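Below, each chain spelled out in residue letters.
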Amino acid sequence: MDKNLKLPAHIAIIMDGNGRWAKKRNMPRVFGHKQGAKSVRSITTACAELGLKYLTLYAFSTENWKRPKQEVGFLMDLLSDFLDKETKTLMKNNVRLMTIGEIDKMDPKVHKKLISVKKQTSKNTGLTLILALNYGSKRELTLAMRAIAAGVLGKKIKVSDIDEELISKGLFTAGIPDPDLLIRTSGEMRISNFLLWQIAYSEIYVTDVLWPDFGKNDLFRALEEFSARERRYGGIQAK
Ligand code: IPE
Ligand code: IPE
Ligand code: MG
């Protein structure tokens, strides 16, 4: 990869295509999730090595509860396993773990592990890895609106205090800069309830590569394309 590339500070990824990856091999869907976890490992390490500040991975949406119980159970076990096995590597690579989403409504054992790994890695100063778990952007905005409404009723917030900054502070992503680059694998051209507010000006990159096949070189390709984009934010081309 070219050393002069303009790198994003924050990449968000909709990791999609695990089921199709397995289906192509006549394997059960869960086999695809297992392979997908390997991509999580390699992409997290690559982002840490590149010196990126934030990587947000969409791992489980509020809509994913609709899947068969067995698949949901497998995903939870996989997460639990990931936390057990990867904490050492996160520490070694100076990675801080954070989450967005209602993790307190997940399996109590998984919830406990998440709290513990987040605490253990909280002083790390390299990459911040943010796992979106039981995350839905509409739910996030709903909770933020409720909190603001309660603040207004309790006379802690004036209606005129409500601005973009206050709304951002009420989201799970409070304090985290918006993603510069949003990647979706497996070719689907949709957002699927991910970071609706935060991606207002993110650059979008969709690749047909399925998540279990997404490796370092695919990441570099996305970064090269990002570097060549001109971000105008509604302004005009810089001279
Ligand atoms: C993404 O892969 C993983 C999760 C949503 C947890 P999918 O399981 O959605 O795979 P496809 O889209 O069915 O191929
Ligand atoms: C989005 O993928 C959610 C995650 C990657 C966790 P889905 O596979 O759930 O999204 P849809 O159903 O194709 O929109
Ligand atoms: Mg999918």
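What counts, and where the lines are drawn
Residues numbered from 1 in each chain as written. Chains lettered and ligands numbered in written order. Predicted model: local features only at pLDDT ≥ 70, side-chain atom pairs only at ≥ 80, totals over all residues. Heavy atoms only, no water. Axes fitted to C-alpha atoms, helices over the stretch in contact; angles between N-to-C directions. Helix = DSSP H or I, 4+ residues; strand = E, 2+ residues; numbered from the N terminus. Parallel < 35°, antiparallel > 145°, perpendicular 65-115°, else oblique. Left-handed = near helix turned anticlockwise from the far one by under 90°. Contact = heavy atoms within 4.5 Å. Nonpolar A, V, L, I, M, F, W, Y, C, P; charged D, E, K, R; others polar. Polar contact = N/O pair within 3.5 Å; in protein donor to acceptor, adjacent residues only side chain to side chain. 1 Å grid on protein atoms, 1.4 Å probe; cavity = no way out; pocket = protein on both sides within 12 Å on 5 of 7 lines; lining within 4 Å. Points joined across faces, edges and corners; volume = space filled by probe spheres on them. Near = heavy atom within 4 Å. Areas by Shrake-Rupley, 256 points an atom, 1.4 Å probe, with all protein chains shown as cover. Sits in = over half its atoms within 2 Å of the grid points. Pairing = 2+ DSSP bridges.

### Looking at the packing of helix H2 (residues 29–50) against helix H7 (residues 216–228)
- Close contact between H2 and H7 brings their axes to 10 Å; oriented N to C, the two are set at 50 degrees. With respect to H7, the element H2 is oriented oblique. The way H2 lies across H7 gives a crossing that is right-handed. Residues Ser42, Ile43, Ala46, Cys47, Glu49 and Leu50 of H2 form the contact with H7, whose participating residues are Lys216, Leu219, Phe220 and Leu223.
- Across the contact of H2 with H7, the residue classes break down as 7 nonpolar, 1 polar and 2 charged.

### Structural notes on the side chain of Thr56
- Residue position: Thr56 is located in strand S2 (residues 54–61).
- Within the local environment of Thr56, its side chain forms a polar contact with the side chain of His10, the two groups lying 2.7 Å apart.
- Setting aside residues no more than four positions away along its own chain, Thr56 makes contact with His10, Ile11, Ala12, Ile13, Ile100, Ile130 and Phe194.

### Structural notes on the layout of surface pockets
- The calculated volume of the largest pocket comes to roughly 830 Å³.
- Along the walls of the largest pocket sit 33 residues, with Met15, Tyr58, Ala59, Asn64 and Arg67 positioned nearest its centre.
- The class makeup of the residues in the lining of the largest pocket is 15 nonpolar, 8 polar and 10 charged.

### What about the site of ligand 1?
- In the vicinity of ligand 1, the contacting residues are Met15, Asp16, Gly17, Asn18, Gly19, Arg20, Arg29, His33, Ala59, Asn64, Arg67 and Leu75.
- Residue Arg29 places a side-chain N or O atom 2.8 Å away from an oxygen atom belonging to ligand 1.
- For ligand 1, an oxygen atom lies 2.7 Å from a polar atom in the side chain of Arg67.
- Relative to its unbound accessible surface of 380 Å², ligand 1 loses 86% to contact with the protein.
- Here ligand 1 is seated within the largest pocket.
- When contributions to the shell around ligand 1 are tallied by element, the ones reaching two or more residues are helix H1 (18–24) and H2.
- Among the residues forming the shell around ligand 1, the class breakdown is 3 nonpolar, 5 polar and 4 charged.

### Comments concerning the sheet that holds strand S1 (residues 10–14)
- Pairing in this open sheet of 6 strands is parallel, and the strands run S3-S4-S2-S1-S5-S6 from one edge to the other. At either end of the open sheet lies a strand with only one pairing partner, and these are strand S3 (96–100) and strand S6 (203–206). Between one strand axis and the next, the sheet turns through 20 degrees on average, direction left out of account.
- Taken together, the 4 bridges between strand S5 (residues 181–184) and S6 define a ladder with parallel strand orientation. In the sheet register, Leu181 faces S6, and the bridge partner there is Glu203.
- Seen against the sheet, H7 touches S1, S5 and S6 and runs at an angle of roughly 140 degrees to S5.

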